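Chain residues, written in single-letter form:
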Amino acid sequence: MNAADMVKLHRRDLLKTLAGFAGTYLASAASPADAAPISLTTGRYRFPQGVASGDPRPDGIVLWTRVEASDLSPGPINVRVQIGRTPDFTQVVLDEMLVATAESDHTLRLVVQGLDADTIYFYRFLATGDQSRLGRTRTGRHGVSL
């Protein structure tokens, strides 16, 4: 095998790997099949950066979002965060009110504890009648440090 053949082989392997990564990304970015329809509103409040979760622990997670008024008014915004075991929130495990202020650029970060290990949860943020995208997260497993 000469150098040109090795380059082709490596290029082919690279393309296969990239295609695999793209497929994995698309599969993981897709909404769960059993999730409730996402009802995004375009009313008084919006969540322009979406929602995020991270730092999974066996008993908790961190949730994040940013909310803003459609008219960009700087006043505080009351935001309700809910975590449920099901995407339709018939089994709510957390329902808490928070206040997003201009001092934090209307960004909210919530450390949640007291959840079950290795469990999938759904979450959302609500401001008046306006709702964020539906988030999905999973707590860590016991004995596994992430």
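Heads up: the structure comes first, above all this text.
This write-up is about the structure you can find in this document.

Analysis parameters
Residues numbered from 1 in each chain as written. Predicted model: local features only at pLDDT ≥ 70, side-chain atom pairs only at ≥ 80, totals over all residues. Heavy atoms only, no water. Buried < 20%, exposed > 50% of the residue type's maximum accessible area, 1.4 Å probe, protein only. Helix = DSSP H or I, 4+ residues; strand = E, 2+ residues; numbered from the N terminus. Pairing = 2+ DSSP bridges. Salt bridge = Lys/Arg side-chain N within 4 Å of Asp/Glu carboxyl O.

### Some points on the pairing of strand 3 (residues 60–66)
Each regular strand displays side chains that alternate between the two surfaces of the sheet. Among the seven residues in strand 3, six count as buried, and that is most of the element. Across five bridges, the pairing between strand 2 (residues 51–57) and strand 3 is antiparallel. Each bridged residue has a counterpart across the sheet, and for A52 the counterpart in strand 3 is W64. Where strand 2 folds back onto strand 3 in an antiparallel hairpin, the turn is made up of two residues. Relative to strand 7 (residues 107–113), strand 3 is paired through seven bridges, and the arrangement is antiparallel. Pairing of L63 across the sheet is with L110, part of strand 7.

### Topic: the pattern of salt bridges
One pass over the full model with this rule turns up seven salt bridges. A salt bridge links R138 to D118, with the nearest nitrogen and oxygen atoms 3.0 Å apart. Placement of the pair is R138 in strand 10 (residues 135–138) and D118 in the loop between strand 7 and strand 8 (120–127), with a sequence separation of 20 residues. Classification of D118 as partly exposed rests on a relative accessible area of 36%.

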